[in-house]
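One letter stands for each residue in the lines below.
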Amino acid sequence: MNIALKNTLPDYDIPAYSPSGNECALFESAWIRQLPLLLKGPTGCGKTRFVAHMAAKLGLPLSTVSCHDDLAAADLTGRYLLKGGDTVWVDGPLTRVVRAGGICYLDEIVEARKDVAVVLHPLTDDRRILPLERTGEVLEAPPGFMLVVSYNPGYQNLLKTLKPSTRQRFVAIEFDFLPRASEIAVVAEESGLDEARVAPLVDLAHRLRALKGQDLEEGVSTRLIAYCASLVDSGLSLRDAVLSSMIEPLTDEPDVKAALIEIADAIIR
Ligand SMILES: Nc1ncnc2c1ncn2[C@@H]1O[C@H](COP(=O)(O)OP(=O)(O)O)[C@@H](O)[C@H]1O
Ligand SMILES: [Mg+2]
């Protein structure tokens, strides 16, 4: 009885993820074949959620590092720290996962400093090693280690693209926003707002995404639509919710903002 119950329990702690193609199968194959994975796509389209979903589904520990422009190789590998008068080596998050197994996910990898690539190269070819210069160790990644990185190729910053020598070490998956019906379903699920009321928000997002590259650097993410739907669900007026979650976050330019409000007013009544 107990065993049967266990086998039929729903996957409570697997974060919900709505696939847009064969990315789940691809992730599993990359995991089985010990290949590093690169996820490309705009902000808020589900990359991080996808990794969390797959890690939980495969029962793997997940260690996520959000990269920023001050993040150096030593922040990933580790460093000597002073502890009560002694100098002790403390593993960084990447080293911990290489030692113990699991998924190390480096989010927005292009933000990190250039020396990070040097650390990733020997880990992402058939050597699968992590040399720790400071301790003299050369760690061999176990079969249960997987490296996943993500970046947003949409930014028009040439300095912030991945070098070919780095990107050609990864199996890559391109992400985009979900098709209309799936995005409506995801936003309804995340926010609690019913699909009929979510639909015009997704339609507005489509109109605003079309402006990307002209007046806007980034389109409205699924995340922002979900925020908007949550505010509406909690009782805020539709117009106030749209303004604060789908327009204000996109621009600081008064002219652009006025134009976006005009578009919103035409779609949302
Ligand atoms: N395919 C999807 N399935 C489920 N939720 C999604 C999906 N895409 C986006 N979301 C929602 O959008 C939010 C932002 O997604 P996230 O994974 O953080 O984006 P990214 O890492 O690409 O910036 C998630 O928290 C989730 O609510
Ligand atoms: Mg992310």
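Each value, and the rule that gives it
Residues numbered from 1 in each chain as written. Chains lettered and ligands numbered in written order. Predicted model: local features only at pLDDT ≥ 70, side-chain atom pairs only at ≥ 80, totals over all residues. Heavy atoms only, no water. UniProt positions renumbered as here; feature names shortened; annotations may be inferred. Near = heavy atom within 4 Å. Polar contact = N/O pair within 3.5 Å; in protein donor to acceptor, adjacent residues only side chain to side chain. Areas by Shrake-Rupley, 256 points an atom, 1.4 Å probe, with all protein chains shown as cover. Helix = DSSP H or I, 4+ residues; strand = E, 2+ residues; numbered from the N terminus. Nonpolar A, V, L, I, M, F, W, Y, C, P; charged D, E, K, R; others polar. Domains from an automatic or database assignment. Disulfide = S-S within 2.5 Å. Buried < 20%, exposed > 50% of the residue type's maximum accessible area, 1.4 Å probe, protein only. Salt bridge = Lys/Arg side-chain N within 4 Å of Asp/Glu carboxyl O. Contact = heavy atoms within 4.5 Å. pLDDT = per-residue confidence, 0-100.

If you check an unreviewed UniProt entry, the chain appears there as AAA family ATPase from Sinorhizobium saheli. In its Sequence similarities (unreviewed entry) section, UniProt records this for the chain: "Belongs to the CbbQ/NirQ/NorQ/GpvN family."

Caption draft 1: Main features of the site of ligand 1. What surrounds ligand 1 is a group of 16 residues, the closest being Gly44, Thr48, Arg49, Glu190 and Arg223. The separation between an oxygen atom of ligand 1 and a polar main-chain atom of Arg49 is 2.8 Å. A distance of 2.7 Å separates an oxygen atom of ligand 1 from a polar atom in the side chain of Glu190. In the complex, the protein chains occlude 90% of the 560 Å² of accessible area that ligand 1 would expose alone. Counting residues per element, the ones that place at least two in the shell around ligand 1 are α3 (47-58), α8 (180-191) and α10 (222-233). With three residues, α3 is the single largest residue contributor to the shell around ligand 1. Each residue belonging to the shell around ligand 1 can be placed in one class, and the counts come to six nonpolar, six polar and four charged. If you count residues domain by domain, the shell around ligand 1 takes at least three from each of domain 1 (23-174) and domain 2 (180-268).

Caption draft 2: Molecular detail of the state of the cysteines. Here the structure, examined in full by the defined rule, presents zero disulfides. Cys24 carries a free sulfur, and the closest cysteine sulfur to it, the one in Cys45, is 14 Å from it. Here Cys24 falls in the buried class, since its relative accessible area comes to 12%. No disulfide involves Cys228; its nearest neighbouring cysteine sulfur is the one of Cys45, lying 19 Å away. Its relative accessible area of 0% is what places Cys228 among the buried residues.

Caption draft 3: Examining unusual backbone geometry more closely. Despite not being glycine, Glu108 has its phi angle at roughly 55 degrees, a positive value. Following the sequence through the fold, Glu108 ends up in the loop between β5 (102-107) and α6 (115-120). Not every positive phi belongs to a glycine, and Arg128 is a case in point at roughly 45 degrees. Mapping Arg128 onto the fold places it in the loop between α6 and β6 (129-132). For Arg128, a relative accessible area of 11% puts it in the buried group.

Caption draft 4: Representation of the pattern of salt bridges within the structure. Tallying each qualifying case throughout the model produces 13 salt bridges. A salt bridge links Asp91 to Arg99, with the nearest nitrogen and oxygen atoms 2.6 Å apart. Residue classification places Asp91 among the buried residues on the basis of a relative accessible area of 18%. Note on Arg99: relative accessible area 38%, which makes it partly exposed. The salt bridge partner of Arg127 is Asp125, with a shortest N-O separation of 2.8 Å. Residue classification places Arg127 among the partly exposed residues on the basis of a relative accessible area of 47%. Classification of Asp125 as partly exposed rests on a relative accessible area of 23%. Among the charged side chains, a salt-bridge network with shared partners connects Asp91, Arg99 and Glu137.

Caption draft 5: Inspection of the environment of Leu120 at higher detail. Positionally, Leu120 belongs in helix α6. The class for Leu120 is buried, based on a relative accessible area of 2%. Sequence separation of Leu120 and Leu94 is 26 residues, and the distance between their C-alpha atoms is 9.7 Å. Apart from the residues within four sequence positions on either side, Leu120 is in contact with Leu94, Leu106, Ile109 and Leu147.

Caption draft 6: Structural context of the confidence of the model for the chain. Confidence along the chain averages 91 in pLDDT terms, with 93% of residues attaining 70 or more. The least confident element of the chain, judged by mean pLDDT, is helix α1 (residues 2-8) at 45; the most confident is helix α5 (residues 93-100) at 98. pLDDT under 50 marks residues 1-9. Its contacts with residues more than four places away, or in other chains, come to zero contacts.

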